[in-house]
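Each chain, written out:
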Amino acid sequence: MELPFAESYKIKMIESIRKSTREEREEWIAAAKYNLFNLRSDQVFIDLLTDSGTGAMSDKQWAEMMLGDESYAGASSFFKMKNAIKNILGFDHFLPTHQGRAAENVLFSAMVKTGDLVPGNTHFDTTKGHIEFRKATAVDCTINEAFDPSIIHPFKGNIDLQKLETVLSNNASERIPVIIVTITCNSSGGQPVSMQNLKEVYKLASQYKIPVFFDSARFAENAYFIKTREKGYADKSIKQIVKEMFSYADGMTMSSKKDAIVNMGGFVAFKDVELYKKASVYNIMFEGYLTYGGMSGRDMNALAQGLDEGTEFAYLETRIGQVAYLGQKLLDHGVPVLVPFGGHAIFIDAKKFLSNIPREEYIAQSLAVEIYIEGGVRAVEIGTIMADRDPITRENRYPELELIRLALPRRVYTNNHMDYVAATIINVFERRNQIKRGYKIVSEAPILRHFTVELEKI
Ligand code: F0G
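Rules used in this analysis
- Residues numbered from 1 in each chain as written.
- Predicted model: local features only at pLDDT ≥ 70, side-chain atom pairs only at ≥ 80, totals over all residues.
- Heavy atoms only, no water.
- Core = buried A, V, L, I, M, F, W, Y, C linked by side-chain atoms within 4.5 Å.
- Buried < 20%, exposed > 50% of the residue type's maximum accessible area, 1.4 Å probe, protein only.
- Domains from an automatic or database assignment.
- Axes fitted to C-alpha atoms, helices over the stretch in contact; angles between N-to-C directions.
- Helix = DSSP H or I, 4+ residues; strand = E, 2+ residues; numbered from the N terminus.
- Parallel < 35°, antiparallel > 145°, perpendicular 65-115°, else oblique.
- Left-handed = near helix turned anticlockwise from the far one by under 90°.
- Contact = heavy atoms within 4.5 Å.
- Pairing = 2+ DSSP bridges.
- Expected span 1.5 Å × (residues − 1).
- Nonpolar A, V, L, I, M, F, W, Y, C, P; charged D, E, K, R; others polar.
- Phe/Tyr/Trp six-rings, centres within 6.5 Å; stacked < 30°, edge-to-face > 60°.
- Lys NZ or Arg CZ within 6 Å of the ring centre and 35° of its normal.
- Buried area = accessible area lost by both parts, 1.4 Å probe.
- Right-handed = clockwise from strand over helix to strand, strands pointing away.
- Disulfide = S-S within 2.5 Å.
- Near = heavy atom within 4 Å.
- Polar contact = N/O pair within 3.5 Å; in protein donor to acceptor, adjacent residues only side chain to side chain.
- Areas by Shrake-Rupley, 256 points an atom, 1.4 Å probe, with all protein chains shown as cover.

### A look at the nonpolar core
Step number 1: Ranked by size, the top nonpolar core spans 62 residues in total, and within it Leu89, Val181, Phe219 and Phe267 carry the most contacts.
Step number 2: Here this core spans two domains, and each of domain 1 (22-51 + 312-457) and domain 2 (60-309) adds at least three residues to it.
Step number 3: Counting 51 residues, the second largest nonpolar core, distinct from the first, contains Ile46, Val339, Tyr439 and Val453.

### Quick word on the packing of helix α3 (residues 76-89) against helix α11 (residues 297-310)
Step number 1: Taken N-terminus to C-terminus, the directions of α3 and α11 make an angle of 20°; their axes are 8 Å apart at the nearest point. When the axis of α3 is compared with that of α11, the two are roughly parallel. Where α3 crosses over α11, the two elements pack in a sense that is left-handed. Residues Ser77, Phe78, Lys80, Met81, Ala84, Ile85, Ile88 and Leu89 of α3 lie in contact with α11, whose contacting residues are Gly297, Met300, Asn301, Leu303, Ala304, Leu307 and Asp308.

### Remarks on the sheet that holds strand β11 (residues 380-382)
Step number 1: Strands sit in the order β9-β12-β11 across an open sheet of 3 strands; the sheet is antiparallel. Looking at which strands have only one partner, the edges of the open sheet turn out to be β9 (345-349) and β11. Each strand axis lies, on average, 30° off the axis of its neighbour in the sheet, ignoring direction.
Step number 2: Note: β11 against strand β12 (residues 403-407), 3 bridges, orientation antiparallel. Bridge pairing in β12 links isoleucine 382 to leucine 403.
Step number 3: Contacts from helix α12 (residues 313-332) reach β9 and β12, with the element oriented near 25° to β9.

### Overview of helix α14 (residues 363-375)
Step number 1: For α14, spanning 13 residues, the distance from its first C-alpha to its last is 19 Å, which sits close to the expected 18 Å at 1.5 Å a residue.
Step number 2: Extensive coverage of α14 is indicated by the burial of 13 of its 13 residues.

### Details of the packing of helix α4 (residues 100-111) against helix α5 (residues 125-133)
Step number 1: At their nearest, the axes of α4 and α5 sit 10 Å apart, and the two run at 30° to each other. One element, α4, and the other, α5, form an angle in the roughly parallel class. Considering the relative orientation of α4 and α5, their crossing is right-handed. Residues Arg101, Glu104, Asn105 and Phe108 of α4 pack against Thr126, Thr127, His130 and Ile131 of α5.
Step number 2: Among the residues making up the contact of α4 with α5, the classes are represented as 2 nonpolar, 4 polar and 2 charged.

### Things to note about the packing of aromatic side chains
Step number 1: Overall, the coordinates contain 17 aromatic pairs when judged by the stated rule.
Step number 2: Ring centres of phenylalanine 78 and phenylalanine 79 lie 5.1 Å apart, and the angle between their planes is 85°; this geometry places the pair in the edge-to-face category.
Step number 3: Classification of phenylalanine 78 by relative accessible area gives buried; the value is 7%.
Step number 4: Between the aromatic rings of phenylalanine 353 and phenylalanine 429, the centroid separation amounts to 5.0 Å while the plane-to-plane angle is 65°, which identifies the pairing as edge-to-face. In this pair, phenylalanine 353 sits in helix α13 (residues 350-353) while phenylalanine 429 sits in helix α15 (residues 415-430), placing the two residues 76 residues apart along the sequence. Phenylalanine 429 shares its class with phenylalanine 353; the two are buried.
Step number 5: Each residue in the set Phe78, Phe79, Phe94 and Phe267 is aromatic and connected to the rest through ring pairs, giving one cluster.
Step number 6: Taking the ring centre of tyrosine 398 as reference, the NZ or CZ of arginine 359 above it sits at 3.8 Å.

### Comments concerning the domain arrangement of the protein chain
Step number 1: Looking at the assigned domains, one finds that the protein chain contains domain 1 (22-51 + 312-457) and domain 2 (60-309).
Step number 2: For domain 1 versus domain 2, the separation of C-alpha centres amounts to 26 Å.
Step number 3: Each side of the interface is counted separately: domain 1 has 31 residues, and domain 2 has 36 residues.
Step number 4: Summed over both sides, the interface of domain 1 with domain 2 buries roughly 2,800 Å², with 59% coming from carbon and sulfur.

### Notes on the side chain of threonine 291
Step number 1: Along the chain, threonine 291 turns up in the loop between α10 (273-286) and α11.
Step number 2: For threonine 291, a relative accessible area of 9% translates into the label buried.
Step number 3: If near-sequence neighbours (up to four positions away) are discounted, threonine 291 is found in contact with Tyr72, Ala73, Gly74, Ala75, Phe78, Pro96 and Met300.

### Describing the pairing of strand β3 (residues 117-120)
Step number 1: Side chains of β3 alternate between two faces, with Leu117 and Pro119 and Val118 and Gly120 buried alike.
Step number 2: As paired elements, β3 and strand β4 (residues 137-140) share 4 bridges and run parallel to each other. Bridging from a neighbouring strand, proline 119 pairs with valine 139 of β4.
Step number 3: For the segment spanning β3, α5 and β4, crossover handedness is right-handed.

### Considering the state of the cysteines
Step number 1: Scanning all chains against the criterion turns up 0 disulfides.
Step number 2: Just so you know, cysteine 141 is unpaired, no disulfide at all, and the nearest cysteine sulfur is the one on cysteine 185, 12 Å from it.
Step number 3: Judged by its relative accessible area of 1%, cysteine 141 falls in the buried class.

### Focus: unusual backbone geometry
Step number 1: In this structure, the amide linkage connecting isoleucine 183 to the following residue, threonine 184, adopts the cis form with an omega of -20°.
Step number 2: A cis amide bond links valine 339 with the next residue in sequence, proline 340, at an omega value of -10°.
Step number 3: Tracing the chain through its elements places proline 340 in the loop between α12 and β9.
Step number 4: One non-glycine residue, arginine 411, lies in positive phi territory at about 65°.

### Concerning the site of the ligand
Step number 1: Taken together, 16 residues lie near the ligand, and Thr50, Arg101, Ser255, Lys258 and Arg405 sit nearest.
Step number 2: Interatomic distance of 2.7 Å between a side-chain N/O atom of aspartate 215 and a nitrogen atom of the ligand.
Step number 3: In isolation the ligand offers 470 Å² of accessible surface; the protein chains occlude 94% of this area.
Step number 4: If one sorts the elements of the shell around the ligand by residue count, α4 sits on top with 3 residues.
Step number 5: Looking at side-chain class alone, the shell around the ligand contains 1 nonpolar, 8 polar and 7 charged residues.

Have a look at this one:
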């Protein structure tokens, strides 16, 4: 008999979770104004809101926590993190920040100004938020295949070089301070970018003398897909692939809450010392002194250890395998999910799932609410609400895709939990034709509204 797949770790500590009743959930979600961010975590049975900061640290990471050096300046923990960044990612200079968006804030403070263009593959919402906050524009140059959830393409996160070249050649390079490549591309479904594409983007950018930064939250998952899908990489280790990926970048922003498997933390890394120095000023102003910048010593230690564990093949195979396990269950029951499956999450095509609801009534949000009521599973909307309003016209922006995301925390749930999640969603799918109306907004913030929006049932 062929030996079946099994997780590359065992469980040392557990946390209890409680199933609620449908009546309780109906009451709680109404009180939460139909915004799943407003729920208390104990009102949720299986929490797939995000894979960010929700992972389980290893015994070695917890051991590192005890060794943290909390000195204000020159802490040994800073140097541990510096070594890990140099050895695993290849960058000489870095600034610790409290999380990924803080890294974006520091970097963009040094680089982006009013009227600029920042091309890339679909920018994550905080990235876009930081660009638009500076009255600059994020230009989406993702390949067209990414916008069709049913097209099979191994690297749907790729940048369309033609689209990028059009932006670069039609605008003065002073107006384009940086190109941001997000690996994997969260907003288009956790889809990877191929090594060849990274290489070509870097080459094109170099011709125009424009720096390339990777938004690297899920860089290790990207490397896993390169290893398993791209010709010539099957026999390379994840760490070798990671090194090559970052050789095609001038720097990176990192939300360490993802692939460095810590609960809080981030950084910006640079090749160029001058840019590092320029950004340092903002780091001190917004985050903290250069050798801690928004992180405690113990967290820097855990992060250094996490970077090492997060770039091991056995771990990535377990993680990405679990995402695919859930995706396949849904697919087998006819649920419209985005293919190929992403690295960190399964995305459901809400337009196909709930075809009766008009887009003005927030299709994806309606689906996320139904799934919560059905089984206490919390997902997140990646649709019209997250897309925010156009900064100039203030009209709703209707994205091509209305998705909900089921993001899997790292090393947290078992496949029995995945079976429960699949059954919850399949139950909603079976009664989908009875769901005909959605929601209207009663209150919203001017930017990044999805976190605090309040809704009313129509
Ligand atoms: N870039 C990407 C690709 C992200 O997915 C995120 C966060 C960030 C930057 C910002 O990092 O949260 O540490 O400030 N994504 C989370 C998510 C919130 O749920 O996908 P952060």
